[in-house]
Amino acid sequence: MRYGFRVRLNAYLASAGVASRRRAEELIRAGRVCVNGEPAQLATRVRDSDVVELDGREVLPQPRTYALLNKPAGVVTTARDPQGRPTVVELVGQGTRLFPVGRLDCDTTGALLLTNDGMLANRLAHPRYGVEKVYEATLAGEPDARALERLRAGVELADGMTAPAKARVLHGDGRSTVVEITLREGRKRQVKRMCRAIGFPVEALHRSRYASIVLRELPVGAWRELTAAELASLRSAAAQRLLAADRSGA
Ligand code: URA
């Protein structure tokens, strides 16, 4: 992975597999880490052109892997499940350990990214970067225009008002309706709580898109590596939101 932007030195060391972020801080404090030949400080930030050394040995970043999984229902979005349920990490089963970017509920299906690029994963999952997530929610009943407008305008939840969202009906059969909901937040069980709050419980939930990444023909339970173009678009989405947030002083 090439870092075009600067990252904190402890995060760089952690992502290179040297130590946890906390242990990396101890190594920096102990004066064992140099950047471009100079002893590093805790606040030091590095980019890919910098030479980072630990005890005089160069620390190179680990090769990065970016996977897209079409998550099936019944699989948990954690690295390990105390209840022994299958996990998304086992499904992707790479030699390198990958971590999910954000989470989907056990019964939610669809697009889930996994990577060992902690920096990009943090950016994508952090609400500050406002990455779009698109869901297809099957709702019991037929939400009317007013109900959809409530989803768009924001719904009062126990953890506060939701940010403006997009919502449109895809199809329905009178008994249930599939509504496409686009969020820039990622609170726990957000879609289900929003829909319940407006009186239409979710019967099934599928994520069709994460940022610009769509499943296309990927079968349920299968995964594939992101293409170079998809990765570039993810990186630029995260960077653009950061620039926008910096300009607005957020
Ligand atoms: N919102 C939910 O309610 N559940 C998910 O899995 C994702 C978003």
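Basis of the calculations
Residues numbered from 1 in each chain as written. Predicted model: local features only at pLDDT ≥ 70, side-chain atom pairs only at ≥ 80, totals over all residues. Heavy atoms only, no water. Helix = DSSP H or I, 4+ residues; strand = E, 2+ residues; numbered from the N terminus. Buried < 20%, exposed > 50% of the residue type's maximum accessible area, 1.4 Å probe, protein only. Contact = heavy atoms within 4.5 Å. Areas by Shrake-Rupley, 256 points an atom, 1.4 Å probe, with all protein chains shown as cover. Lys, Arg positive; Asp, Glu negative; His and termini not counted. Charge placed at Lys NZ, Arg CZ, Asp CG, Glu CD. 1 Å grid on protein atoms, 1.4 Å probe; cavity = no way out; pocket = protein on both sides within 12 Å on 5 of 7 lines; lining within 4 Å. Points joined across faces, edges and corners; volume = space filled by probe spheres on them. Nonpolar A, V, L, I, M, F, W, Y, C, P; charged D, E, K, R; others polar. Near = heavy atom within 4 Å. Polar contact = N/O pair within 3.5 Å; in protein donor to acceptor, adjacent residues only side chain to side chain. Pairing = 2+ DSSP bridges. Arc of directions from axis to C-beta.

Undergrad: Would you explain the overall build of the chain in this entry?
TA: A tally of regular secondary structure across the chain gives seven helices and 17 strands. Along the first, second and third principal axes, the C-alpha atoms of the chain reach 70 × 40 × 35 Å. Expressed as a percentage of the 250 residues in the chain, the buried residues total 45%. Partitioning the intrachain contacts of the chain with sequence separation of at least 6 by distance along the chain shows that 64% fall at a separation of at least 24. Accessible area of the chain: about 13,000 Å², with a carbon and sulfur share of 51%. The distance from the centre of the 40 positive side-chain charges to the centre of the 28 negative ones in the chain is 3 Å.

Undergrad: How should empty space enclosed by the protein be read in this particular structure?
TA: Where empty space is left can be seen by rolling a probe of water-molecule size over the atoms. The final tally for this structure, using the stated rule, is one cavity of 30 Å³ or more. Looking at the largest cavity, the residues that line it are Tyr66, Ala67, Val101, Leu113, Leu114, Thr115, Leu120, Leu124, Leu226 and Leu234. Within the lining of the largest cavity, the residues separate by chemical class into nine nonpolar, one polar and no charged.

Undergrad: Please clarify how the environment of Arg123 should be interpreted in this entry.
TA: As for its placement among the helices and strands, Arg123 is situated in helix α4 (residues 118-125). Look at Arg123 and you get buried, because its relative accessible area is 14%. Between the C-alpha atoms of Arg123 and Arg235, which are 112 residues apart in sequence, the distance is 9.1 Å.

Undergrad: Teacher, can you tell me more about the site of the ligand here?
TA: If you check the shell around the ligand, you find Leu104, Asp105, Thr108, Tyr135, Arg189, Gln190, Val191, Lys192 and Leu205 and nothing else. For the ligand, an oxygen atom lies 2.8 Å from a polar atom in the side chain of Thr108. Compared with its free state, where it exposes 240 Å², the ligand has 96% of that area covered by protein. Top contributing element to the shell around the ligand by residue count: helix α6 (residues 190-197), with three residues. In terms of residue class, the shell around the ligand is made up of four nonpolar, two polar and three charged.

Undergrad: Whenever I open this one, the environment of Arg22 confuses me. Can you help?
TA: Relative to the assigned elements, Arg22 resides in helix α2 (residues 21-29). Accessibility expressed as a relative area gives 66% for Arg22, which makes it exposed. Separated by 190 residues in the primary sequence, Arg22 and Ser212 have C-alpha atoms spaced 33 Å apart.

Undergrad: Explanation requested: the pairing of strand β13 (residues 166-172) in the structure shown.
TA: A regular strand places its side chains on the two faces of the sheet in alternate fashion. Looking at chain direction, β13 and strand β14 (residues 176-183) are connected through six bridges and run antiparallel. Bridge pairing in β14 places Lys166 opposite Thr182.

Undergrad: Mind showing me how you'd approach helix α5 (residues 145-153) here?
TA: Two residues of an α-helix separated by three or four positions point the same way, owing to the 3.6 residues in each turn. Residues of α5 that are buried include every one of Ala147, Leu148 and Leu151, and no others. In an axial view of α5, the angular spread of the buried residues amounts to 100 degrees, which keeps them on one side of the axis. Residues of α5 that are exposed and point more than 90 degrees away from the buried face comprise Ala145, Arg146 and Ala153. Looking at the buried side of α5, the elements it contacts are β13, β14 and α6. At the exit of α5 stands Gly154, carrying a positive phi of roughly 125 degrees.

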